[in-house]
Amino acid sequence: MSEPEELPQREQRESTKKKKKTKRSGKKKKEQREGEEQVEFEQEVQSVSECVVLHGIFKLGKKSHDVLLTRTKLTWTPIIPENPTGETGVPQSGEVLLQDIFAVKVKRRRAAGQESGGPVLGVALFWCRRKGRRLEEDTLHLHNASSEHTHTWYNTLKELLTGFSNRPTNLKVFINPSSHKKEAVHIYRDHVAPLFKMADIQTDITVTERKGHALSVIKECKLDEYDGVVCVGGDGSVAELCHALVLRAQLDADSPEKPVRATLPLGIIPAGSTDVVSCSVHGVRDPVTAALHIVLGHLQQVDMCSFSSHGQLVCFGFSAMFGFGGRSLARAEKKRWMPSSRRREYALVKTLARLRPEDCQLSFLSARKSNSNLFVQRDKDQDQDQDPKSEGEESWVTNQGLYLSISIMSIPCLSPHAPQGLAPNTSLANGSAALIAVGNTSRSEFIKHLKRYSSSTGQFNFSFVETHAVSAVKIRPCSLIGCSEDESEEEGDLKTTPFIHAEGTTFPWNIDGELVEIANEVLIRVHPRLITLYGEEVEEAESSVSCSCI
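Residues numbered from 1 in each chain as written. Predicted model: local features only at pLDDT ≥ 70, side-chain atom pairs only at ≥ 80, totals over all residues. Heavy atoms only, no water.

Quick notes on the nonpolar core
We apply this condition: Take the buried residues of types Ala, Val, Leu, Ile, Met, Phe, Trp, Tyr and Cys, join any two whose side-chain atoms come within 4.5 Å, and each joined set is a nonpolar core. A simple rule labels every residue: compare its accessible area, found with a 1.4 Å probe on the protein chains alone, to the largest value its type can have, and call it buried under 20%, exposed over 50%, or partly exposed in between. Secondary structure elements are taken from DSSP: a helix is a run of H or I of four residues or more, a strand is a run of E of two residues or more, and numbering for both begins at the N terminus. Any two residues whose heavy atoms approach within 4.5 Å at even a single point are treated as in contact.
Grouped together as the largest cluster of nonpolar side chains are 53 residues, with contacts concentrated most on L266, F318, I531 and L533. No other element matches the 7 residues that helix α5 (residues 235-253) contributes to this core. In this structure, L533 is in contact with C242, L266, I268, V277, V281, H298, L299, Q300, V302 and F318, ignoring residues within four places of it in sequence. Listed in part, the 29 residues of the second largest apolar core include I175, A184, L292 and Y534.

Observations regarding the environment of A434
Tracing the backbone through its elements, the reader meets A434 in strand β17 (residues 433-439). For A434, a relative accessible area of 12% translates into the label buried. Placed 22 residues apart in sequence, A434 and P412 show a C-alpha to C-alpha distance of 8.5 Å. Excluding anything up to four places from it in sequence, A434 contacts S407, I408, M409, A423, T426 and H468.

Description of the packing of aromatic side chains
Rule in force here: In summary, the pairing rule links any two rings of Phe, Tyr or Trp, Trp by its six-membered ring, whose centres are within 6.5 Å, and it sorts them by plane angle into stacked for under 30 degrees, edge-to-face for over 60 and tilted for everything else. Two conditions define a charge sitting above a ring: the NZ of Lys or the CZ of Arg must be within 6 Å of the ring centre, and it must be within 35 degrees of the ring normal.
Applying the stated criterion across every chain, the model contains 7 aromatic pairs. Seen in terms of ring centroids, F322 and F507 are 6.2 Å apart; in terms of plane orientation they differ by 55°. Their pairing is tilted. Separated by 185 residues along the polypeptide, F322 in strand β14 (residues 319-323) and F507 in strand β19 (residues 507-511) bring together distant segments of the chain. Where F324 meets F446, the ring centres are 5.0 Å apart and the plane angle is 75°; that geometry is what we call edge-to-face. Within this pair, whereas F324 is found in helix α8 (residues 324-333), its partner F446 is found in helix α11 (residues 443-451), the two being separated by 122 residues in sequence. Among the residues examined, F324 registers a relative accessible area of 8% and is labelled buried. Site record: aromatic cluster; members linked through ring pairs are F322, F507 and W509. Above the ring of F164, the side-chain terminus of R167 is found at 4.4 Å from the ring centroid.

Quick notes on helix α9 (residues 340-353)
Going by this rule: In a helix, the anticipated span is given by 1.5 Å times the number of residues less one. Taking the helix axis as origin, the arc is that swept by the directions to the C-beta atoms.
End to end, α9 covers 20 Å across 14 residues, agreeing with the expected 20 Å (1.5 Å per residue, within 8%). Those residues of α9 that fall on the buried side of the exposure criterion are S340, R343, A347, L348, T351 and L352. The buried residues of α9 occupy one face: seen down the axis, they fall within an arc of 155°. Those residues of α9 that are buried lie in contact with α8 and α11.

Considerations on the pairing of strand β13 (residues 312-317)
Note the cut-off: Pairs of strands are assigned from DSSP output, requiring at least two bridges between the strands.
The pairing of strand β12 (residues 299-309) with β13 spans 5 bridges and is classified as antiparallel. Looking across to β13, one finds that F307 is bridged to C315. Between β12 and β13, which pair antiparallel one after the other, the connecting turn spans 2 residues, and H310 there sits at a positive phi close to 55°.

A closer look at helix α3 (residues 184-198)
Applied cut-off: Bending is quantified residue by residue as the angle between axes fitted to the seven-residue window ending at that residue and the seven-residue window starting at it.
With 15 residues, α3 should cover 21 Å at 1.5 Å per step; its first-to-last C-alpha distance of 20 Å lies within 8% of that length. The sharpest bend along α3 reaches about 45° and sits at V192, with the proline P194 one to four residues further on. Within the span of α3, buried status applies to A184, I187, Y188, V192, L195, F196 and M198.

What to know about the pattern of salt bridges
The following threshold applies: By convention in these notes, a salt bridge is any Lys or Arg side-chain nitrogen within 4 Å of a carboxyl oxygen on Asp or Glu.
Within this structure, the stated rule accounts for 14 salt bridges. A salt bridge links D286 to R134, with the shortest nitrogen-to-oxygen separation between them at 3.5 Å. Of this pair, D286 sits in the loop between α6 (276-282) and α7 (287-295) while R134 sits in strand β7 (residues 134-143), placing them 152 residues apart in sequence. On the accessibility criterion, D286 (13% relative accessible area) is buried. Owing to a relative accessible area of 27%, R134 belongs among the partly exposed residues under this scheme. Taking the shortest distance from any N to any O, the salt bridge between E358 and R327 comes out at 2.7 Å. Residue E358 is found in strand β15 (residues 358-366), and its partner R327 is found in helix α8; the two are separated by 31 residues along the sequence. Since its relative accessible area comes to 3%, E358 is described here as buried. Connected through shared salt-bridge partners, K105, K158 and D200 make up one network.

Section: the pairing of β15
The buried fraction of β15 amounts to 7 of the 9 residues, a majority that puts the element mostly inside the structure. As paired elements, β15 and strand β16 (residues 396-409) share 8 bridges and run antiparallel to each other. Across the sheet, L365 pairs through a bridge with W396, a residue of β16. The pairing of β15 with strand β18 (residues 465-477) spans 7 bridges and is antiparallel. Among the inter-strand pairings, S366 is bridged to a residue of β18, identified as V470.

Examining unusual backbone geometry
Negative phi characterises most residues that are not glycine, and trans characterises most peptide bonds. Phi is positive for D275, close to 55°, though the residue is something other than glycine. Within the secondary structure, D275 sits in the loop between β11 (266-270) and α6. Residue D275 is classed as buried on the basis of its relative accessible area of 3%. One non-glycine residue with positive phi stands out, namely C413, at about 60°. Accessibility expressed as a relative area gives 2% for C413, which makes it buried.

A short note on the packing of α8 against α9
Condition: The axes are straight lines fitted to the C-alpha atoms, using for helices just the contacting stretch, and the angles between their N-to-C directions are given from 0 to 180°. Throughout this description, any angle smaller than 35 degrees is read as roughly parallel, any larger than 145 degrees as roughly antiparallel, any in the 65 to 115 degree range as roughly perpendicular, and the remainder as oblique. Put simply, a crossing is left-handed when the front helix is turned counterclockwise from the back one by less than a right angle, and right-handed when it is turned clockwise. Following the grouping adopted for this structure description, the nonpolar residues are Ala, Val, Leu, Ile, Met, Phe, Trp, Tyr, Cys and Pro, the charged ones are Asp, Glu, Lys and Arg, and the polar ones are all others, Gly among them.
Packing of α8 against α9 brings their axes to within 8 Å, and their N-to-C directions diverge by 125°. The pairing of α8 with α9 is recorded here as oblique in orientation. Like other packed secondary-structure pairs, α8 and α9 cross with a definite hand, here right-handed. Contacts from F324, R327, S328, R331 and A332 of α8 reach α9 at R343, A347, L348, K350, T351 and L352. For the contact of α8 with α9, a count of residues per class yields 5 nonpolar, 2 polar and 4 charged.

Some words on the environment of I201
The topology assignment puts I201 in the loop between α3 and β9 (202-207). Judged by relative accessible area, I201 falls into the buried class, the value being 7%. In this structure the C-alpha to C-alpha distance between I201 and L171, which are 30 residues apart in sequence, comes to 7.2 Å. Apart from residues lying up to four places away in sequence, I201 is in contact with P168, T169, N170, L171, F196 and V295.

In structure tokens form, the structure reads like this:
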């Protein structure tokens, strides 16, 4: 054979050898990868088996699974029969953390109408699955017909779950039947009560009959009989109960000069129109999410403010609005016969149409400095020059001017209308409040500022808006003898003419969504972690369609 004819055959043989070598190399890499996965799985099983509490076989669906229970989680792995070829895939395991399991029940087969007894089918685990910010109930069924085996697992799981000491077993529940669309009773009965019953939580229910009813009950009841308090209602009900719990702690301690934390945590089941506090600790307005936070014992400490005037406590709360926020709420309260959404839009439009600044003196104390006294009223002539011994070397910043709105918020105040919150730069427990002072400006610019709350950012990017992190704020309205609000609206420049008030008139404040009329200077102080709520820190609430009136 000639040399030109041998060359193509040699190249073909070399090409075939290369292909075979590549194939063998790929097969080796695959086997190596599968081996590594198998080793990792075996190491995981070995590490888990070192602290295994129980080990058993249950059916999940139609397949048998190897189930391992440790003190922190429950894992399951399908039992795969050996293949005649000797090749087995890596089994796909699953797990549930014990901290997410809130109830365990023994499953039995019962005939129609049979209320007790019946052959054992296995164990049912009720656990919480996260879906975004929402918590959803889920169930894991472990089937095994052995009564002894099933009860061993049931008793062990119950014992492990009792180790979560934050979970309540006895709750005092307040339901406001008049909140929002009067759905509070329905919400509790259909969505909350079944979860409490499943988790073996005992409840003592009070359906409130009037404003202040919950406050009077909290003042008199024996709080040591309960693990927590639950409020089913809107922002008004929440504000009343938060104030009641903190006030009760001060009365029991008999030490008003030093803040005392509330002894019991508060759970909030949203049943209002905005549910600001609920959104701030849950991220959603969802009764099931709120109930699961309570059942699982998720506790979040939260800062609160005290509001006092002339040395007398007005209330405890999370947020306050003076100026536009107070006046729009005052108008809305006069139209209680309207549906809540229409009433809110009416008041907003009406207040914008009659927009006037408030002439007042605004003083604030930077969050870097604080004072432990609750209701110490500062002398009005000593705002700048304080006595270091009596004032703890506090240095107040004082401004006099016209303000359309002044807001003080110790929590972000998330809501569907403001997903980032009215005060996105603060948090639930950072020991300070956000002071947002909106100076005098045109109506159109003020509306731009308001509209940006429904978007992501930019509501503070205006020259007339200033923000500060503060530990205390004083607001002293300038009270002058003159015409009333309705008379003054008909004259003068709406942009620059402030409201003129007669001596002794009160000023409307929006404190946690409740209208409070105060005639004098108001002192607001932030008290770190004064109350504990069932929930967790969230950065943003689920959004919805915002008010369509602007």
